[in-house]
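Working through the structure, step by step
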Amino acid sequence: MLSRFGKWAVALVVLTLACGHAMADDTLAKVKAAGKIAAGVKNDYRPWGFLDPSGQIVGMEVDLAKDIAKRLGVELQLVPVVAANRMEFLTQGNIDMIIATMSDTPERRKVVGMIEPQYYASATNVLAPKSAHLHAWTDLTGKKVCGVQGAFYNRGVEQKYQADIVSFAGVPDALKALQAGTCIAFVYDDTFIQSTLSAKDPQWADYEMPLKSEDPQPWAIGVRLDDVNGPFGQFLSKTSEEWHRTGYLIDLEKKWGITPSPFLVEMHNKYAAK
Amino acid sequence: MTIVEAFKHLNDAYGINLSIVYDPFDRERFVHGFLMTLLLSIVSMALSIVIGLVGAWLLGGRSRLLKGATTGFVEAFRNTPPLIQLLFFFFAVSPFLPGAVNSAGQVTPLIGGVGWAIISLSLYAGALNVEIFRSGLEAVPSATREAAESLGYTRLQAFRHVVFPLAFRISLSALNNNMVNLIKTTTLAYAIGVPELLYASAAIWSESLNVREMMLVMLATYLLLIAGYTGIMNRVERALRMPGTDV
Amino acid sequence: MFETKLTARGVAIAFAAAAFVAAVSLAHAETASPAAASILSLVVKWLPLIFTGFLLNLLVSVLSMAIGTVAGVPLGLAQIARHRVVQRCASAVTQFTRNAPWLVLLFLTMFLLPFQFRLFGQSIPFPAWIKAVIGLAIPVMGNVSEIVRGGVLSIPRAQWESAESLAFSPTQTVFKIILPQALKRMLPPWMNLYAILAMATPLIAIVGVQDGLTDVRGALVAENRTDLLLPLYATLLAMFFIYCYPIAMATRALERRAEVKF
């Protein structure tokens, strides 16, 4: 029995390693020919990407994806992704780009192309009940902290502060677990925590963002590695620059009721001056 | 060159990233994941067998109310998705239960993710076990029980010493199938953040970005685990063979 | 007769329990917030979306079952082939596909299959939900293979021998004599497998396909209300129960009939 499994495991290894990722064509040409572009977006990250009752995904990042499709004159297909699967979806060709609150990190640059200038930025912080009286990151040592699978800072928080991260596939699950008291805090992007708190929802009235935000990282549109310096990457790069210059991102932030981010103001000033 | 260096080289030169070998953090996570899967499997197996026995006993009893309740339990758990049962317990039921207050004055649930995973898996597999043991009991000829009772055994004694051992042996192969399924079903605990094997593997591949390698390592580990279980159970079945019968 | 009465009562109790859970959650909501009366209306509001998602679950289950069966029948027959190599390979594939956890196989197909196939210069899209169908069809194939093997082997040897003495070829024997008889015995476990598959379909939500479970969670995010958790999850559980329970009843009825016959 065992050796049989062994043989098949070896065959499987060979098979899957042979499965290439290669999608060598230029995505821009492909998208235009197909008349359709697929964007990976969040559907659990209010108000950047979330579901409305008709089942549509809406939000600030969805607006960005719509703008890109409009500029290309193609139809937009939205594909909901989570942190743990978005890069596979991109490399395997399910989507053409990621606009899903993805932080630009060196580790990830090995796998996906990051479009510059980045369109947003966030840092790491925690959402915690006021009663937990957290003051410093080191207060998390040895405590259970909820998180979301695939977030790049999970490992850092676990290693640096010896927190015990309990991570879930999606944000709602992690929030429910926090409310249920499964963990003492929820570690996530400060942008999300801020907008959750500022919505003045009574269920978060007794919660706070008590720590100093750490590890600020810009969010980038992700494309396949071959695309980043190709026509598709250049097109997106120009688009993103224009978003900053015209103040489009700042307008969207207002439209979705997001607390103004200093990053956008700084970027707007930088590109408007050019 | 040490093994660790060899695997680092494998990554740098060939892009085959087996981080669980050279990275102590990833290795520890993987080993913990494996142990958690073992824990979930063993505890849920034991509880589900107890549930199955109690349920089958109740079904054979006299109380109509208990029979009806048992049937209702079995049908409800057999005919709904185990994943949604688990989420239902963990997210929807858990907040209604009283909690304990921790040192920070926070109300924390008495039952955590691991606890709910065990409860949910045990109830699901237990509901199936009720059916398995019931049909095992039905397969024991009533003449056998009557013979035992005519020898002066009480109903409970006849059950314990005669009917049950026979029924258990008859049920064993169906029970084993269900237990293999239970081992496979422990992967669902991933959905509520229990750090079992799948969770650990997913955490590793989404941070070390080595999906293919981890996927294969994980698959091989599950297959070995199940091969190990069936290997042991085949021996048990052979040891418990009843001469002169099919089983 | 006694049996059916008992099950009917069981169902009544199961429904009563569901109603109780719903009532408790409503009552709890009533005390928790003044807007609680609208909880029912919120469930109704999201019901169409959840039901549409549930239909995708059913579609996936039907397609996976079809593919898994078409692939599993020859595999099962190969398991009892006389040819040693064919037989060994078939049983290895069967063991492998039966023993791997379903969720792991789903992850495998989801992440490792490409989303596009190139065939004669044409690229054929291969969307996520179709990959999910394949991911679920793999374990179905292994299980169908075992069902076929078990079904065929359950036919007494004498049937083979008498067919041979009547000058049937082995192929004829399988298709004209053995399979028609084995089919009756294979049907109940096959239906049982289908019910298990239908109940496994919410797993596709974990790998990112938008099914009924995704919709429930989406609704929970959009409404952002803790008191909706119980009713919405219970709604989805009820949908599956209403679909799967009749299948389970029919399976048992068939099993009982088969018991009487043989």
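Please refer to the structure placed before this passage.
Let me begin by describing the structure that accompanies this report. (Residues numbered from 1 in each chain as written. Chains lettered and ligands numbered in written order. Predicted model: local features only at pLDDT ≥ 70, side-chain atom pairs only at ≥ 80, totals over all residues. Heavy atoms only, no water.)

Some words on the overall build of chain B
What chain B contains, in helices and strands, is ten helices and two strands. Element order for chain B, N to C, with α for helix and β for strand: α-α-α-α-α-β-β-α-α-α-α-α. Expected size for 247 residues packed as a compact globule is a radius of gyration near 18 Å; at 23 Å, chain B overshoots this value by more than 25%. Counting only C-alpha atoms, chain B reaches 75 × 55 × 30 Å along its principal axes. Across the 247 residues that make up chain B, the buried fraction comes to 52%. Sequence-distant contacts, at least 24 apart, represent 70% of the contacts inside chain B between residues at least 6 apart. Roughly 10,800 Å² of accessible area belongs to chain B as shown, and the carbon and sulfur atoms make up 65% of that amount. In chain B, 17 positive and 15 negative side-chain charges are present, and the distance between their average locations comes to 12 Å. (Helix = DSSP H or I, 4+ residues; strand = E, 2+ residues; numbered from the N terminus. Rg over C-alpha atoms; globule rule 2.2 N^0.38 Å. Buried < 20%, exposed > 50% of the residue type's maximum accessible area, 1.4 Å probe, protein only. Contact = heavy atoms within 4.5 Å. Areas by Shrake-Rupley, 256 points an atom, 1.4 Å probe, with all protein chains shown as cover. Lys, Arg positive; Asp, Glu negative; His and termini not counted. Charge placed at Lys NZ, Arg CZ, Asp CG, Glu CD.)

What about the interface of chain C and chain A?
The interface is formed by 29 residues belonging to chain C together with 32 residues belonging to chain A. It is Phe111, Phe115 and Val221 of chain C in chain C that bury the most area against chain A; as a group they hold 21% of the surface buried on that side. Counting across the chain C and chain A interface gives one salt bridge. For the interface between chain C and chain A, the tally reads two residue pairs in polar contact (both at pLDDT 80 or more). Elements supplying a minimum of two residues to the side of chain C that touches chain A: α2 (39-79), α3 (84-99), α4 (102-112), β1 (116-119) and α9 (212-223) of chain C. With seven residues, the single largest contributor to the side of chain C that touches chain A is α3 of chain C. In terms of residue class, the side of chain C that touches chain A is made up of 16 nonpolar, ten polar and three charged. (Buried area = accessible area lost by both parts, 1.4 Å probe. Salt bridge = Lys/Arg side-chain N within 4 Å of Asp/Glu carboxyl O. Polar contact = N/O pair within 3.5 Å; in protein donor to acceptor, adjacent residues only side chain to side chain. Nonpolar A, V, L, I, M, F, W, Y, C, P; charged D, E, K, R; others polar.)

Regarding the packing of aromatic side chains
Per the stated rule, a full pass over the model turns up 35 aromatic pairs over all chains. Centroid distance Trp57 of chain B to Phe159 of chain B: 4.9 Å. Interplanar angle 65 degrees. Geometry classified as edge-to-face. A residue pair is termed long-range when its members are at least 10 positions apart, and Trp57 of chain B in helix α3 (residues 24-59) and Phe159 of chain B in helix α8 (residues 155-185) qualify at 102 residues. For the pair Phe51 of chain C and Phe54 of chain C, a centre-to-centre distance of 6.2 Å together with 35 degrees between the ring planes defines the contact as tilted. Placement of both Phe51 of chain C and Phe54 of chain C in helix α2 is noted, with a separation of three residues, approximately one turn of the helix. The class of Phe54 of chain C is buried, set by a relative accessible area of 4%. (Phe/Tyr/Trp six-rings, centres within 6.5 Å; stacked < 30°, edge-to-face > 60°.)

So, the sheet that holds strand β4 (residues 57-58) of chain A
Residues and elements named next belong to chain A. Read from one edge to the other, the open sheet built from three strands follows the order β2-β3-β4, with strand pairing classed as antiparallel. Two strands in the sheet have a free side with no partner beyond their single neighbour: β2 (44-45) and β4. Where strand β3 (residues 49-51) and β4 come together, two bridges link them in antiparallel fashion. From the neighbouring strand, Leu51 faces β4, where its bridge partner is Ile57. (Pairing = 2+ DSSP bridges.)

Here we look at the side chain of Ser41 of chain B
When you line up the elements, Ser41 of chain B lands in helix α3. A polar contact is formed between the side chain of Ser41 of chain B and the backbone oxygen of Thr37 of chain B, at a distance of 2.7 Å.

A short note on the environment of Thr108 of chain B
All names here are of chain B. You can see Thr108 is positioned in strand β2 (residues 107-109). Taking the relative accessible area as the measure of exposure, Thr108 reaches 18% and is therefore buried. A sequence separation of 13 residues divides Thr108 from Pro95, and the C-alpha atoms of the two residues are 9.6 Å apart.

Focus: helix α10 (residues 248-255) of chain A
Residues and elements named next belong to chain A. Here α10 has its buried residues at Leu249, Leu252 and Glu253. Seen from one end, α10 has its buried residues packed into an arc of 105 degrees, which puts them on one side. The outward face of α10, more than 90 degrees from its buried face, is lined by the exposed residues Lys254 and Lys255. Those residues of α10 hidden inside the fold are in contact with α3 (60-72), β8 (120-129), α9 (231-246) and α11 (262-273). Note on α10: the residue one or two positions beyond its end, Gly257, has a positive phi of about 65 degrees. (Arc of directions from axis to C-beta.)

As for the interface of chain B and chain C
Across the contact, 40 residues belong to chain B and 40 residues belong to chain C. In total, about 3,800 Å² of surface goes out of reach between chain B and chain C, with carbon and sulfur atoms giving 79% of it. In this assembly, chain B and chain C are joined by one salt bridge. Of the charged contacts in the structure, one is a salt bridge between Arg252 of chain C and Glu75 of chain B, with a shortest N-O distance of 3.0 Å.

Quick word on the nonpolar core
Residues Ile68, Met97, Leu140 and Phe186 of chain A, Trp205 of chain B together with Phe107 and Tyr233 of chain C are the most contacted members of the largest nonpolar core, which totals 192 residues. In terms of residues, this core owes the most to one element, helix α7 (residues 170-200) of chain C, which gives 13 residues. Leaving out residues up to four positions away in the same chain, Leu140 of chain A has contacts with Val126, Leu134, Val145, Tyr161, Gln162, Ala163, Ile184, Ala185 and Leu211 of chain A. Judged by nonpolar contacts, the second largest core, of 15 residues, contains Leu182, Ile183, Ile226 and Met233 of chain B. (Core = buried A, V, L, I, M, F, W, Y, C linked by side-chain atoms within 4.5 Å.)

What about the pattern of salt bridges?
Tallying each qualifying case throughout the model produces 21 salt bridges over all chains. Linking Arg71 of chain A and Asp67 of chain A is a salt bridge whose minimum nitrogen-to-oxygen distance equals 2.7 Å. A residue pair is termed a helical-turn pair when its members lie 3 or 4 positions apart in one helix, as Arg71 of chain A and Asp67 of chain A do in helix α3 at four residues. When salt bridges that share partners are traced, they join Arg155 of chain A together with Asp23, Asp26, Arg29 and Glu207 of chain B into one network.

So, the state of the cysteines
Residue and element names in this part refer to chain A. As enumerated under the stated definition, the model contains one disulfide over all chains in all. A sulfur-sulfur distance of 1.6 Å marks the disulfide that ties Cys146 to Cys183. Highlighted residues: Cys146 in strand β9 (residues 144-148) and Cys183 in the loop between α7 (171-179) and β11 (185-189), separated in sequence by 37 residues. Each member of the pair Cys146 and Cys183 is classed as buried. (Disulfide = S-S within 2.5 Å.)

A few points about α3 of chain C
Compared with an ideal rise of 1.5 Å per residue, which puts 16 residues at 22 Å, α3 of chain C spans 22 Å between its outermost C-alpha atoms and is within 8% of the ideal. Turning to α3 of chain C, its buried residues number three or more, namely Ala90, Ser91, Ala92, Val93, Thr94, Gln95, Phe96, Thr97, Arg98 and Asn99 of chain C. (Expected span 1.5 Å × (residues − 1).)

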